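# Observations on the model geometry
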Amino acid sequence: MRFSDVVLMALGQLRANKLRTAFTLLGIVVSVGFLVAVVAIIQGMNAYVKENIADAMIGMNTFQVRRLPLSLGLFTDDEFRLLYRRPRIDERDAAAVREALPDALAISLQSGWPTPQADMIWRDRTLGNVLIYGVTAPYQEVQDYRFTAGRPLSDIDVRERRHVIVIGAEVAQKLFGGGIAIDRDVRLAGQRFTVIGVVARKGQVLGQSFDGFAIMPITVFETLYGRRQTTTISVKMREAAQIGPAMVRAQEAMRVVRRLRPADRDNFDVGTADALVDFWKQLTSVLFAVVPAVVAIGVLVGGIVIMNIMLMAVTERTHEIGIRKAVGATAADVRRQFLVESITMAMCGGALGVTSGWLLALLIATVSPLPARVSAWSVALALVLGASIGVIFGVYPASRAARLDPITAMRAET
């Protein structure tokens with residue numbers, strides 16, 4: 001019998017027992033669909049973090065000098081305590097970095113965690129939960145801010161501790177209703193501030209707006225809220241290729257200004273957005289480690305179900321097997337027939353699982369801010385997994401059918 005005939009016969013058996021086939025494949029469909037959907041979501045999140053969040057948080061062609069590294073979640077409690085003994089970043093550190101990097105496009109100092117939130121009041125309107133940042137003037141260039149109205153903060157604003165603020169597009173829209181915002185006096189943390197600029201809309205990432213903020217001179221900010229735990233120096237270079245050498249010079253400058261000896265470890269961190277991306281990938285790698293275990297359980301259950309169904313099929317078709325052997329079919333022919341049926345059934349389950357996983361990922365990407373990208377390797381893995389299940393769990397029923405004595409088999413009731 002030709003291989004194509006065997007495959008057509010296997011598909012005919014699946015069509016003849018639609019309900020039984022559907023329940024048989026349920027475990028494999030769910031497992032493979034889960035694999036494809038979860039991998040699609042994780043891959044999409046990785047790409048999204050790399051392409052959107054990292055640059056939006058830190059800036060393009062930018063690195064930071066921080067008290068604490070971005071990847072805080074992977075430290076032990078002892079390491080965490082040591083990190084918190086580090087001195088805070090201050091203007092003296094920023095001055096040393098500026099002196100070491102005269103070719104930098106912009107070097108800023110900005111407040112960090114915890115970021116305060118405050119109500120902003122104008123006349124009888126109050127806008128709550130506005131994120132407040134204290135910055136030096138170059139911060140606006142580091143973040144590539146574009147202004148739809150007014151002007152950015154200046155070095156004079158910072159030096160003279162002026163009570164002026166620049167607000168995001170969302171704050172301007174909600175507080176002033178699309179009207180003129182410039183030169184309006186608002187109250188913030190009990191103080192009067194004058195709005196001098198409105199930043200163009202930067203959009204949302206995963207439902208989190210980047211336009212609901214107000215920035216003020218860091219000198220005023222620290223008077224109101226005190227110095228933050230993670231005040232940060234941001235350095236923006238003209239080209240991405242300049243970042244590596246510039247980070248080395250910034251590290252040397254920091255070690256000198258903090259009088260660290262050669263044997264001393266750095267009590268600061270110099271990192272780029274790649275550190276954030278790497279941190280995220282380490283988190284998602286934990287999910288990647290869990291997913292195979294969950295999928296393996298589902299696949300094992302699905303494989304056992306397939307083996308039981310194939311054993312039942314051998315019992316039901318014993319008479320047919322006897323007739324085929326009586327007219328010349330060899331044991332290898334019978335074994336191949338049942339093995340192909342098992343593999344065909346498992347691969348159909350794998351294909352349905354890929355389709356359901358792809359549809360689930362598409363649905364999640366449509367109705368939620370979570371991105372999802374189905375990768376070719378996860379589809380190939382799902383199909384190979386389905387075929388492997390058919391081979392592994394189809395061998396025993398196929399061998400049992402091949403060992404049947406033709407005379408005994410023909411005596412079996414149909």
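Residues numbered from 1 in each chain as written. Predicted model: local features only at pLDDT ≥ 70, side-chain atom pairs only at ≥ 80, totals over all residues. Heavy atoms only, no water.

Attention shifts here to the layout of surface pockets. The space that makes up the second largest pocket amounts to roughly 310 Å³. L82, L83, R86, R265 and D266 are, among the eleven residues lining the second largest pocket, the residues nearest its centre. Here the lining of the second largest pocket is built from residues that sort into four nonpolar, one polar and six charged. (1 Å grid on protein atoms, 1.4 Å probe; cavity = no way out; pocket = protein on both sides within 12 Å on 5 of 7 lines; lining within 4 Å. Points joined across faces, edges and corners; volume = space filled by probe spheres on them. Nonpolar A, V, L, I, M, F, W, Y, C, P; charged D, E, K, R; others polar.)

Let's shift gears to the pairing of strand β3 (residues 117-122). Going residue by residue along β3, you find A118, M120 and W122 tucked away on one face and Q117, D119 and I121 left uncovered on the opposite face. Bridge count for β3 against strand β4 (residues 125-135) is five bridges, and the pairing is antiparallel. Bridge pairing in β4 places W122 opposite R125. Joining the antiparallel neighbours β3 and β4 is a turn of two residues, in which R123 adopts a positive phi near 55 degrees. Relative to strand β7 (residues 185-188), β3 is paired through two bridges, and the arrangement is antiparallel. Its bridge partner lying in β7, M120 is registered against L188. (Buried < 20%, exposed > 50% of the residue type's maximum accessible area, 1.4 Å probe, protein only. Helix = DSSP H or I, 4+ residues; strand = E, 2+ residues; numbered from the N terminus. Pairing = 2+ DSSP bridges.)

The contact between helix α4 (residues 91-100) and helix α9 (residues 243-257) brings their axes to 9 Å, and the two run at 135 degrees. Between α4 and α9, the crossing angle belongs to the class labelled oblique. In this structure, α4 crosses over α9, and the sense of that crossing is right-handed. Only R249, A250, A253, M254 and V257 of α9 make contact with α4, whose side of the interface consists of R92, D93, A96, V97 and A100. Of the residues belonging to the contact of α4 with α9, the class tally is seven nonpolar, no polar and three charged. (Axes fitted to C-alpha atoms, helices over the stretch in contact; angles between N-to-C directions. Parallel < 35°, antiparallel > 145°, perpendicular 65-115°, else oblique. Left-handed = near helix turned anticlockwise from the far one by under 90°. Contact = heavy atoms within 4.5 Å.)

As a further point, take empty space enclosed by the protein. Summed over the entire model, instances satisfying the criterion amount to one cavity of 30 Å³ or more. For the largest cavity, the full set of lining residues is Q13, L14, N17, R20, T21, I309, M310, A313, R317, E341 and M345. Put simply, the parts of the chain that give the lining of the largest cavity at least two residues each are α1 (3-16), α2 (18-58), α10 (273-316) and α12 (331-367). Broken down by class, the residue content of the lining of the largest cavity amounts to five nonpolar, three polar and three charged.

As a further point, take the packing of aromatic side chains. Counted under the stated rule, the structure contains four aromatic pairs. Ring geometry for Y139 and Y145: centres 6.1 Å apart, planes at 80 degrees, overall edge-to-face. The burial state of Y139 is the same as that of Y145; both residues are buried. On the basis of an interplanar angle of 40 degrees and a centroid distance of 5.1 Å, the ring pair of F221 and Y225 is categorised as tilted. Here the residue F221 and the residue Y225 both occupy positions in helix α8 (residues 218-225), the gap between them amounting to four residues, near one helical turn. On the basis of relative accessibility, which here comes to 0%, the residue F221 falls in the buried class. Judged by relative accessible area, which is 22%, Y225 ranks as partly exposed. Taken together, the aromatic side chains of Y139, Y145 and F213 make up a single cluster linked through ring pairs. (Phe/Tyr/Trp six-rings, centres within 6.5 Å; stacked < 30°, edge-to-face > 60°.)

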